[in-house]
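Single-letter residue listing:
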Amino acid sequence: PGGTTKTRRPDNTAFKQQRLPAWQPFLTAGTVLPTFFIIGLIFIPIGIGIFVTSNNIREIEIDYTGIEPSSPCNKCLSPVETPCICTINFTLEKSFEGNVFMYYGLSNFYQNHRRYVKSRDDSQLNGDRSALLNPSKECEPYRRNEDKPIAPCGAIANSMFNDTLELFLVANESDPTLMLIPLKRRGIAWWTDKNVKFRNPPGTESLKERFKDTTHPVNWLKPVYELDPEDEDNNGFINEDFIVWMRTAALPTFRKLYRLIERKNDLHPTLPAGRYYLNITYNYPVHSFDGRKRMILSTVSWMGGKNPFLGIAYITIGSISFLLGVVLLVINHKYRNSSNTADITI
Amino acid sequence: MSRSWLLCGMKPLQGSTHFSLGNQKVEKRMGCQQSLQSSEVLKVRTIYINDPLKNTFCTNSISTTKYSKWSFLPRYLYLQFSKAANAFFLFITILQQIPGVSPIGQYTTLLPLLVILAISGIKEVVEDYKRYMADKVVNSKTTSVFRQNSWHVIKWHEVNVGDIVKTLNEEFLPADMILISSSEPQSMCYVATANLDGETNLKIRQASLEVAGIIKEGQLVNLDGKIECEEPDRQFNNFVGTLYLRGKSPISVGPDQMLLRGTQLKNTQWIIGVVIYTGFETKLMQNSVKSPLKRSQVEKVTNMQILILLLLLFVISAVSCVGATIWNKMYLENIWYMGISGITPHNHVFDILVFIILYHNLVPISLLLTLETVKFIQAQFINWDEDMHYEQNDLYAMARTSNLNEELGQVKYLFSDKTGTLTCNTMAFKKCTIAGIIYGNHSDNTDDGNENLSRASFCEFNDPKLLENFEDGHPSSEYIKEFLTLLCVCHTVIPERCGNDILYQASSPDEAALVKGAKKLGFVFTTRTPYSVTIEVMTETHTFEILNILEFSSNRKRMSIIVRTPAGHLRLYCKGADTVIYERLSKDSLFVEDTLKHLEIFATEGLRTLCIAYTDLTETEYQDWLQEYKKASAVSQNRIQRLEECYEIIEKEFLLLGATAIEDRLQANVPETISTLLKANIKIWVLTGDKQETAVNIAFSCKLISSTTPRIYLNADSFEAAQQTINHNCGDLGNLLGKENDLALIIDGETLKYALRFEIQKKFLDLALSCRAVLCCRLSPLQKAEIVDLVKKHEEAITLAVGDGANDVGMIRMAHVGVGISGNEGMQATNNSDYSIAQFRYLEKLLLVHGTWNYFRVTKCILYSFYKNVVLYIIGLWFSFVNGFSGQIIFEHWCISLYNVIFTSLPPLTLGIFEKCCSQKSLLEYPQLYTVFQTGEMFNTKVFWIQCINALIHSFILFWFPTKMLEHDMILRHGYTTDYLFLGNFIYSYVVVTVCLKAGLETTSWNRINMVLSCPHFWMGFLLVPTTCLIQNFFWKLIKNTYKRGLLEEIQELESRKDSILEHSEIFEKRMTAASLAVSFSTQPCEIFFRDDSVDLSAPHGYAFSQTEGAVVTQEELVRAYDTAKMENSRISKRSSDFSEIF
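Residues numbered from 1 in each chain as written. Chains lettered and ligands numbered in written order. Predicted model: local features only at pLDDT ≥ 70, side-chain atom pairs only at ≥ 80, totals over all residues. Heavy atoms only, no water.

### Comments concerning the overall build of chain B
When you go through chain B residue by residue, the secondary structure sums to 39 helices and 34 strands. Across the 1143 residues of chain B, 61% fall into the buried class. Counting contacts in chain B only where the partners sit at least 6 residues apart, residues at least 24 apart contribute 76% of the total. Counting every atom, chain B has about 44,100 Å² of accessible surface; 56% of that belongs to carbon and sulfur. (Helix = DSSP H or I, 4+ residues; strand = E, 2+ residues; numbered from the N terminus. Buried < 20%, exposed > 50% of the residue type's maximum accessible area, 1.4 Å probe, protein only. Contact = heavy atoms within 4.5 Å. Areas by Shrake-Rupley, 256 points an atom, 1.4 Å probe, with all protein chains shown as cover.)

### Examining unusual backbone geometry
The omega torsion across E140 of chain A and P141 of chain A is 0 degrees, close enough to zero to call that bond cis. Take P141 of chain A: it is sitting in the loop between α4 (129-133) and β4 (144-145). Here the bond from A151 of chain A into P152 of chain A is cis, since omega is -10 degrees, no more than 30 degrees from zero. Residue placement: P152 of chain A occurs in the loop between β5 (148-149) and α5 (155-158). A positive phi angle is found at F885 of chain B, which is not glycine, with a value near 50 degrees. By the secondary structure assignment, F885 of chain B is in the loop between α27 (842-882) and α28 (893-903). Its relative accessible area of 13% is what places F885 of chain B among the buried residues.

### Points about the domain arrangement of chain A
Splitting chain A by domain gives domain 1 (31-57 + 305-330) and domain 2 (61-96 + 111-250 + 273-292). Here the C-alpha centroids of domain 1 of chain A and domain 2 of chain A sit 42 Å apart. (Domains from an automatic or database assignment.)

### Notes on the UniProt feature "transmembrane region" (unreviewed entry) in chain A
Following the UniProt record, the feature "transmembrane region" (unreviewed entry) maps to residues 26-52 and 309-331 of chain A here. As annotated, residues 309-331 of chain A comprises 100% helix and 0% strand, and the C-alpha atoms at either end are separated by 32 Å. (UniProt positions renumbered as here; feature names shortened; annotations may be inferred.)

### Brief notes about the pattern of salt bridges
Overall, the coordinates contain 46 salt bridges over all chains when judged by the stated rule. Taking the shortest distance from any N to any O, the salt bridge between R143 of chain A and E140 of chain A comes out at 3.5 Å. Judged by its relative accessible area of 16%, R143 of chain A falls in the buried class. One salt bridge connects K226 of chain B with E228 of chain B, and the closest N-O pair in it is separated by 3.7 Å. Relative accessible area serves as the criterion here: at 27%, K226 of chain B is assigned to the partly exposed category. When its relative accessible area of 25% is taken as the criterion, E228 of chain B is described as partly exposed. (Salt bridge = Lys/Arg side-chain N within 4 Å of Asp/Glu carboxyl O.)

### A short note on helix α33 (residues 980-998) of chain B
Relative to the 27 Å expected for 19 residues at 1.5 Å per residue, α33 of chain B spans 26 Å between its end C-alpha atoms, a close match to the ideal helical length. Of all 19 residues in α33 of chain B, 16 are buried, a share of seventy percent or more. (Expected span 1.5 Å × (residues − 1).)

### Observations concerning the sheet that holds strand β1 (residues 59-63) of chain A
Residues and elements named next belong to chain A. One open sheet accounts for four strands, arranged β1-β10-β3-β8; its pairing is antiparallel. Since the sheet does not close on itself, it has two edges, and those belong to β1 and β8 (254-261), each with one partner. The sheet shows a mean angle of 20 degrees between the axes of neighbouring strands, direction not considered. Here seven bridges tie strand β3 (residues 100-107) to strand β10 (residues 292-298), and the two strands are oriented antiparallel to one another. The residue of β10 that forms the bridge with Y103 is I296. (Pairing = 2+ DSSP bridges. Axes fitted to C-alpha atoms, helices over the stretch in contact; angles between N-to-C directions.)

### A word on the state of the cysteines
Residue and element names in this part refer to chain A. Under the criterion given, the structure shown has three disulfides over all chains. Residue pairing for C73: its cysteine sulfur links by disulfide to C86, the two sulfurs lying 2.0 Å apart. Here the disulfide of C73 and C86 is right-handed, its torsion about the S-S bond being about 80 degrees. Here C86 lies in strand β2 (residues 84-92) and C73 lies in the loop between β1 and β2, a separation of 13 residues in the sequence. The same class applies to C73 and to C86, which are both buried. Disulfide pairing is shown between C139 and C153; the S-S distance is 1.9 Å. (Disulfide = S-S within 2.5 Å.)

### Quick word on the pairing of strand β24 (residues 570-576) of chain B
Residues and elements named next belong to chain B. Buried residues dominate β24, accounting for seven of its seven residues. Residues of β24 alternate between two faces, with L570, L572, C574 and G576 on one and R571, Y573 and K575 on the opposite face, all of them buried. Sheet topology places strand β23 (residues 558-564) next to β24; seven bridges connect them, and they run antiparallel. Of the residues in β24, the one forming a bridge with I562 is L572. Turn length for the β23-β24 hairpin, with the two strands adjacent in sequence and antiparallel, is five residues, and the turn residue G568 shows positive phi of about 100 degrees. In this structure, β24 lies alongside strand β25 (residues 608-617), joined through seven bridges in antiparallel fashion. Pairing of K575 across the sheet is with I612, part of β25.

Structure below.
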């Protein structure tokens, strides 16, 4: 009587009877020793290739924080001097060819701090009208200023990097005339950022009209629609310097793309070897938190900028793998006879 | 009946109440329980017969569902959130709703939690719906009820208290009733109580004769009166009530008039009863309580590990909190860009909450669901297994719970019931010795293998020599005739003619086997009248007048019958144990030595032997004795004792005829299975309610013990004696105590009662554990459970109890894993078990294959789940070191919530479902493999820590490699710089890949953001990072496989080499032949010198006989009550008249 006696005939399939064919690789030194050597043999050349590529990339880094008293920018550390302009000169030993990218780098700047990261309003930046006039609470304490909503709101926008860097080539050692290197302001932001994530408030009237009833961030000198005095279309939330800044870096030491120096033609290097002047309008204070400011010039290869780590890592892992292979080979040779299956009794 | 009404709601130790009617010892126990209860004020319920409107009691419908429509949601949520892990995640979800606390969004935990709750919710609904449907089937069974002066067929749930119900043969009783009339003589009826107590012999119930008389004379319409009885309780054998019929004196009714719901009417055309308890108030339903929730060892360890992880979580949170405090002190004041000055700094409680939320996913949220799914499918694999399909009943193995799948892989002690588990509970007359000649000794091939044939014919005695000798006038021909005549006459069997065939109804299966055996040899027992039996021998009819029946009891170990032969002689026929018969042999008795030798042969084979003897009586001798007998039967006190003394007088001067050997059929392949299980280092204890002799017989026949195994008998009648025997034996064992010896320990229930006393139970256990085999006999269900409990408590090992009857319910529920043998009459064991199988032999596959695989899979799955979560979420800790312990998360929010639900949900599932440590073939071929898992070394805290540290290393590599790679933020061809999410996606992808590779699988659907994919660094690192992580694991595995190999590794290698795959059946056959050749245990002689006389080194005795004792109707009354010659006619007339004559 009862439920269990009902007929239930399951399909006699391989799955239900757990007879699915299975491949059970059994790893022993004998069978997989080659794997270690193969890994080694593949990794080491890759590593060398990457390392060489990385080494061929030209890169120069100029620290212009002005901590050292001898530095021309030392004077700018005191907050009294505004605006403070300082000039640093440096020499390129070898010419930079192809497109050259100019970065600014900050150290000990915690863009990845939770309170900092969340202090923004993405819908405001996306041109949402209601968010423009009523920014998210996340932006506190940079949400409103004098009863006006801040656009763009939040700590990230408020602390936007505002040094101005200019690069001059000393064309000729005897001739003191300086040649201004043309720096391109456009094309430094991700396409998706510029066209999808960041949008100005909609409307046909002028930007100033559209940002009416808002105020600029506390630390800014000018409103968001006047960020780029030279290019009307590079203003408002779609200002590329602004967009670049708004991508918060992962580490406290980071670089951000500042300007592009485009390749002129095949005959002349973009930046020939020689002496350069870096003209800095020093606005951005980092001294209070022991930060550093740098200017970086770099070319890129197929794998981006200079970074020897990957190559070294490949070479190291490849070598370790190779070494392990050798160790195993030795052990295997030594203990070959010790392993047998005699202790199984039926 | 369908649903799990489970017996005995009390804790098993307190009292399993479903004892057989015959078991006196148990009833003593019950007596004390009753006295306990009677101290409470007994409430009385009054039932008005035939007037249902006056009775207001609960309806007869039952419901075993867990939820109702309305209670589902609250109850379900309550159950879910009472699980610690779910509650934890609920807590986290709530925390996340506090604005500003959660670094990972508000819904990252809520979403997966909802998915998980939804899935288990659906599962619950489906299961509950099944229960609901099963209840519905039960509630809509039909029965006849007498209402408004006629019989109505109504559904069970419409039956009310006070109704007069008629039930026909083979039907189940719809409610608890008082029997008032039946078709049988003296208003008797038979009921099968297998559903309640698991006993296969039928119980006799008898209506009070006064009532029966009234009903017979009168009309049911006029039946008017009331019953006063006690309120419903759960005692099966306890009922007191009084029947007041109008105009009659009160009639008391007791358990003998009680018919319980769940029992089945047998061998009785119809009965009429008055309903007294319905629905939930029936004794059956009163006894239904939920099975105790069993949790597997692995689950306990897992819970422990989750706790450790929680602790780890708090430690990490605290560390981060301290880090945050230090960092804030050092930097925060000077950081102008954060805009902190305007905000009051957060306090530590707030900080720690942030970090708890940040790291809370260290505890894998999907683990419970994954495990549930995996175990569900594993259970399905058990259900689907064709190798555990019993063709005959079309029964598959059934996993009734999936909680304990992995426990099957770690069993150390197996407690087995005997009847119905090891044996089929069918007796067959197999061999005999008559006048010193052994018959039936030639081997028959139907023994194993072709089970269908042998089952069909109960009698397997087919030695043509016997009949030849009888017919050809062999010198022993007369003895043969006398022997077979005795088998036909000396018994209490009742014949029932069924067409041309005769069926025998017997409460003793031994007697039935003997009578059937005799019938096959041409001595057919045809008719029983109150004072005679008629047998047919070679077409001649002989009628023996039965003068006296000298009843069987287990003290007397024999049963005699005094008859007047057709020739007019007085003769006493006796059958009984060799010991008691041999004491009473006359000096003239022949074949004494030969028979003794043959008895020994039978006993060694595990056959149940009975000696057969007779003696002729003179008239005067008999008349003298009859006087004594009448005197003895008239005594009111100690009548049974007096009668037995009286029997003793006449049972003497026996002449030996020979002996019978009955096979208590073992189930198929039991000896082979036992030998395999022993090889797998599983200790087998037989716990039976049956007699000691029977248990020993079975132990021999299933090769648990051999004839050379010394047997320690613990039979003591006092605590001191028991203590002394145990101490002596422990002393004799000396150093061998605690090691496994080739010894058998046999103990009976009475002695066990003393042995389980606190003072000596440890010593007893030590002794028992030093023996290869332990047989416990004459146990009450409670004692079975107590033994299991004893081992469970003192040995840190997994116990498994297997049984088929309701008397095994206690131990099935007590053991870590309870296995029920299904397909027999009783459902109690099955309904209380965790797994049910149709045959004992399927245990082999269940344990060795399913158990091992499940354990392997579940542990792998759990460790892997821990691993993958630790790998991903510890990265948050590494990131904290570079972001000033602010609690910022490096991944996108949805990545976190989908990690467990989508990206890495498949690997643990596939691990849990498809992973195999070795093939089925190897597992069955080398049972020793089982020992690898038994110890639980695959899964303990150490393994867990290793896995955690491994995960820690991996997460370290997975975080720092990409971080270093992206150090300068310039990794794109266009010179664009990146943000933290870019790095996060890098790391996340690597984690997913590494974790999936770690599972040794193809990549799951992990595709992410085109920008990341277009970055060459990504692809370069893609090769590097996972390789770096896994190279160390790879290396370790290699080292382990090559130089630190255990048995498992050996087999694995063996397997990967072999290409031919043998089917399971082939292996089984191969091994079966091997097993029958080799004895299942070492045959080295036991060298222990035993001084105690409890140790039996001699050859075994084979005596065993089962017969109901101390029932309502004595054996003699029963025999005298039947007149099968008359009954034939009356039955036919009853059938045709459709019971109308009584109304």
